[in-house]
Amino acid sequence: MVAPHGLSFDVAHMLAGGLVLVSFMMLYQDRLTALLHVLALHAFVLALSVAWQAHIQDAPHLYIAAGIALAFKAILVPYALRRMVFQMGLHREIETVGGVGITMLAGIALVALSLEVMLPVTAHTDPVAREDIALALSVVLIGLLMMVTRRNAISQVVGFMSLENGINLAATGARGMPLVVEISVAFSVLIAFIVIGVFLFRIRERFDTIDVGALDRSRGGQR
Amino acid sequence: MTGAIWSIPALFVLAIVGTVTAKTPAGRIVIYGGSLLLAAGLLIAGFDALTGPVQHLRLPLGLPWIGTNLRLDALSGFFLVILGLGGGGASLFALGYGRHEHHPERVLPFFPAFLAGMATVLVADDAFTFLFGWELMSLTSWALVMAHDKEPGNARAGFVYLIMATFSGLALLLAFGMLAGPLGGYAFDSMRAAHPATGTAAIILIVALIGAGSKAGLVPLHVWLPLAHPAAPSHVSALMSGVMTKIAVYGFIRIVFDLLGPNQWWAGTAVLVLGGITAVLGVLHALMERDIKRLLAYSTVENIGIVFIGLGLALAFRATGFQAGAALALTAALFHALNHTVFKSLLFFGAGAVLNATGERDMETMGGLIHRMPRTSFAFLAGCVAIAGLPPLNGFASEWLTLQAILVHPEMSEWGLKLMIPVDGAALALAAALAGACFVRAFGIVFLGRPRTDAAAHARETDPWSIAAMMGFAALCLLAGIFPGVVIDAIAPVARGLTGARMPVQLGDAWMTIAPVEASRSSYNGLLVFGFVTASILLTVAVVHRLSRGVRRGPAWDCGFPDPTTASQYSAASFAQPLRRVFATVVFQASDTVVMPPPGDNRAASIVRRIRDPIWDTVYAPLGRGVGWIADRANKLQFLTIRRYLGFVFGALVVLLMALTLWQ
């Protein structure tokens, strides 16, 4: 049990809060390259947060989880996405992100909602885990919001990755999560990334764009 | 546990062997021969359990915190006997009948698995194992129903069956969930120990009645049965009608009589109402039917109704503290279940033999088969006499016992029972009489008269295996009819276990007389009736032979036979016409319309008969339309953009989270 207002609590709280903040930064990036940089930063903050959890929980296996997060999510995936963007010649494109103000307000509302949901439910647990889980839920919700508001497939992938980071944060905040879960989550993300990457290229090949609206037109759906 | 219980895993192995050997010529011999032996094993295990002590076995399979619990008591033993008899008979019949199967690979692997599923239900001692066996039984029988999926109507039959089987499994799942209670005691032992509150017990009883009843074919849950049972190959039809419906009866008895403990009197009333309606509606449907296998399936509905009348009486008597009456009613129900297995299997075998010989299921195309298939027709006749409830065969013995249970009831104070028991007595009597007419019609149209088509005229007698199976069951019908006391005494441990009482010992009485309560009130002697019937027949034959000058064949007397076409004979429709006028105009809205072509049109005039199923029209058709309406509305959801789908997920999550917040 960590003292409610010790240093370790404050740092954990700060890192988790930082993750939420970086999530907000993602919401208004309209250039893909910049968005990918923010994604790398997001994963980096996650890795720091996991490492800090490893420190205060005395759980050395979490260092491995932090290493995985750093290697895969902060470096490998953003780099690969960046290469993809350059290959497709999208690095100069500006994505129209409709209504930044409204999106940000919605994000704030989501954070408020997740705190409102989680804090009473977890009233009797370890305060570190409690704050962590509440903030992790807001990261997940903001990631979903991002997937809903963007049209570009790569931005949707970024939204998905940030959502996954939120799940990771929640998992490490809870004590006693076995390492195998961490590793399998990390690998599933990697697999998902590969599959998505392949799909992106296929979509691009066929439709000359990765605006998901083109997919809908091709299916003959209602717009 | 008894060594013979190893038949169950052996049946699973046989099913796997079936997938490999199905296409080879030896596959049929291996699978049906093996099933025959293993069914004999189940029969032995059943006899052991009927007389021996309760046996337990816990296997480290299945869910880790429950395991697989098996238990053999008198009740499972009795139904294992039914399963062994029905399964063995069907296997023996199929040794010959299976030769005509065009796609053996679609039947052979599922047949032993079907038997294994039913046996698993019978020996299960926890909800998980029970439901596993139950679903295995449903799925394998569905696969067998779909074996001839290209024939018209079979795909729909399979579809309706699958829906109803899922529904019944779901209902039982609910019942077990409530029996297990909040602590999740899924082993039957802990369910027996727990005593649910009165309201919960009522819901459990109703849900169990729905779950088991829809498998057994209780009206209004019977709609799948007359579609699915005839669609399967005939030996499987025999298993489904003869045995699977009994497994459903077992499920009901196990849950309501054993696991649930004491019940309220209204439970008996509810079961009595459903049983009475089922018996009468089932036989009325059977009377209107011209497809021989569907006729038999509807007759199964009727007999299930009779069994449930017995069960309802037992519940009512048990609730009012009249234990001897409860034992009598339960014995009657179980006896009738056993009898129905024997004669319904026999009749389905006969229908299968006829189907093979003529290629037809429509009775209007048959006729005169008694000359072409004398052995089949003899066995079929025995089955008809038994199912019509004529002494001295077994159908009479059990229906008589059920009537005795109705007559024995003391003064009841509960209005529902006061009303329902006499009404059910009338319903039972009506059903028995109509069943008589129904099977006179079935036998007469199929086997008597002159052949109505070339196919019937050139039919050939079926193979020796099938004859052996049918003759064996015919002999069982006779034996159980002459010596009902043996069966009643064998059922006694079951009745004592579930009602705390038993019927008086029957074997002590002289000359195999049976007396339900005491000999001074009423008694029946099958042997005496048999002797009397046989003696009078022999006497009549002797007298006729003495007076006449042997059999002569000459031209038919013209006044009786003015028209040489076979169409002038009684047909299935014309035989049933008076009864259709009396009953079906109201119940089924039957109508006969004469279509008379206008002058100049040279089409033949015709009579169009229309029969509507009131249950289908009032319950299932609106339900189907409702589902279709919702599906039409939901269809729009199939053509949205990806972002909108994501938006739905997102919106649903947010709404649920908000609901959670407000709810706190």
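Quick notes on the rules
- Residues numbered from 1 in each chain as written.
- Chains lettered and ligands numbered in written order.
- Predicted model: local features only at pLDDT ≥ 70, side-chain atom pairs only at ≥ 80, totals over all residues.
- Heavy atoms only, no water.
- Salt bridge = Lys/Arg side-chain N within 4 Å of Asp/Glu carboxyl O.
- Helix = DSSP H or I, 4+ residues; strand = E, 2+ residues; numbered from the N terminus.
- Contact = heavy atoms within 4.5 Å.
- Disulfide = S-S within 2.5 Å.
- Buried < 20%, exposed > 50% of the residue type's maximum accessible area, 1.4 Å probe, protein only.
- Buried area = accessible area lost by both parts, 1.4 Å probe.
- Polar contact = N/O pair within 3.5 Å; in protein donor to acceptor, adjacent residues only side chain to side chain.
- Patch = residues over 30% accessible without salt bridge, like charges linked within 9 Å, V, L, I, M, F, W, Y side chains within 5 Å.
- Areas by Shrake-Rupley, 256 points an atom, 1.4 Å probe, with all protein chains shown as cover.
- Phe/Tyr/Trp six-rings, centres within 6.5 Å; stacked < 30°, edge-to-face > 60°.
- Domains from an automatic or database assignment.
- Axes fitted to C-alpha atoms, helices over the stretch in contact; angles between N-to-C directions.
- Parallel < 35°, antiparallel > 145°, perpendicular 65-115°, else oblique.
- Nonpolar A, V, L, I, M, F, W, Y, C, P; charged D, E, K, R; others polar.
- Core = buried A, V, L, I, M, F, W, Y, C linked by side-chain atoms within 4.5 Å.

## As for the pattern of salt bridges
All names here are of chain B. As enumerated under the stated definition, the model contains 16 salt bridges over all chains in all. Ionic pairing is found between Lys150 and Asp149, a salt bridge with its closest N-O pair at 3.4 Å. Here Arg612 ties to Asp617 by a salt bridge, and the two come within 2.8 Å at their closest N and O atoms. Here the salt bridges do not stand alone but share partners, grouping Arg71, Asp73, Asp125, Asp189, Arg192, Arg254 and Asp258 into one network.

## Focus on the environment of Ala22 of chain B
Tracing the backbone shows Ala22 of chain B in the loop between helix H1 (7-21) and helix H2 (26-51). For Ala22 of chain B, the contacting residues outside a window of four places in its chain are Pro104, Glu105 and Leu108 of chain B.

## Quick word on the state of the cysteines
Residues and elements named next belong to chain B. Scanning the entire structure with this criterion turns up zero disulfides over all chains. Cysteine Cys438 shares no disulfide, and the gap to the nearest cysteine sulfur, in Cys384, comes to 8.6 Å. According to the relative accessible area criterion, Cys438 is buried, its value standing at 0%.

## Focus on the interface of chain A and chain B
The interface of chain A with chain B comprises 23 residues on the first partner and 18 residues on the second. Interface of chain A and chain B: buried area, both sides summed, is about 1,800 Å²; carbon and sulfur atoms make up 69% of it. In this structure, the connection of chain A to chain B is made through zero salt bridges. Counting the contacts that link chain A with chain B gives zero residue pairs in polar contact (both at pLDDT 80 or more). Elements represented by at least two residues in the side of chain A that touches chain B include exactly helix H4 (100-121), helix H5 (127-149) and helix H8 (212-219) of chain A. At seven residues, the largest contribution of residues to the side of chain A that touches chain B is made by H5 of chain A.

## What about a nonpolar patch on the surface?
Residue and element names in this part refer to chain A. A surface patch of nonpolar side chains, amounting to about 410 Å² of accessible area, comprises Leu41, Phe44, Leu48, Leu70 and Ile75. Listed by contribution, the elements that provide at least two residues to the nonpolar patch are helix H2 (32-57) and helix H3 (61-87). Counting residues per element, the nonpolar patch draws most heavily on H2, at three residues. Relative to the helices and strands, Leu48 resides in helix H2.

## Concerning the packing of aromatic side chains
Residues and elements named next belong to chain B. Overall, the coordinates contain 21 aromatic pairs over all chains when judged by the stated rule. Between Phe93 and Phe349, the ring centres sit 4.4 Å apart and the planes meet at 10 degrees, which makes this aromatic pair stacked. In this pair, Phe93 is assigned in helix H3 (residues 74-97) and Phe349 in helix H13 (residues 323-358), connecting sequence segments 256 residues apart. In this structure, Phe93 and Phe349 share a single accessibility class: buried. Consider the rings of Phe130 and Phe176, whose centres lie 5.2 Å apart with planes at 65 degrees: the pair is edge-to-face.

## As for the domain arrangement of chain B
Interfaces are frequently sized by the accessible area removed from exposure as the parts join. For chain B, the assigned domains are domain 1 (289-545) and domain 2 (615-663). Just the C-alpha atoms count here: the centres of domain 1 of chain B and domain 2 of chain B sit 50 Å apart.

## Some details on the environment of Ala327 of chain B
All names here are of chain B. Note on placement: Ala327 falls in helix H13. A residue is classified by how much of its surface remains accessible, and Ala327, at 0% relative accessible area, is buried. Taking the C-alpha atoms as reference points, Ala327 and Pro516, separated by 189 residues in sequence, lie 9.9 Å from one another. Among all residues touching Ala327, those that are not within four sequence positions of it are Ala495, Thr499, Ala501, Arg502 and Met503.

## Remarks on the packing of helix H5 (residues 127-145) of chain B against helix H6 (residues 154-180) of chain B
All names here are of chain B. As a packed pair, H5 and H6 sit with axes 9 Å apart at the nearest point and diverge in direction by 175 degrees. If you check the angle between H5 and H6, you find them roughly antiparallel. Side by side, H5 and H6 meet where Ala127, Phe130, Leu131, Trp134, Glu135, Ser138, Leu139, Ser141, Trp142 and Val145 of the first sit next to Asn154, Gly158, Phe159, Tyr161, Leu162, Ala165, Ser168, Gly169, Leu172, Leu173 and Phe176 of the second. Looking at side-chain class alone, the contact of H5 with H6 contains 14 nonpolar, six polar and one charged residues.

## Quick look at the nonpolar core
Within the largest apolar cluster, 201 residues are counted, with the highest numbers of intra-cluster contacts made by Phe79, Met118, Phe130, Phe176, Met240, Phe308 and Leu311 of chain B. Residue contributions to this core peak at 20 residues, all from H13 of chain B. With near-sequence residues (within four places) excluded, Leu311 of chain B lies in contact with Val249, Phe252, Ile253, Phe257, Val271, Leu330 and Ala333 of chain B. Membership of the second largest hydrophobic core comes to 66 residues, among which are Val77, Val111, Ala136 and Val212 of chain A.

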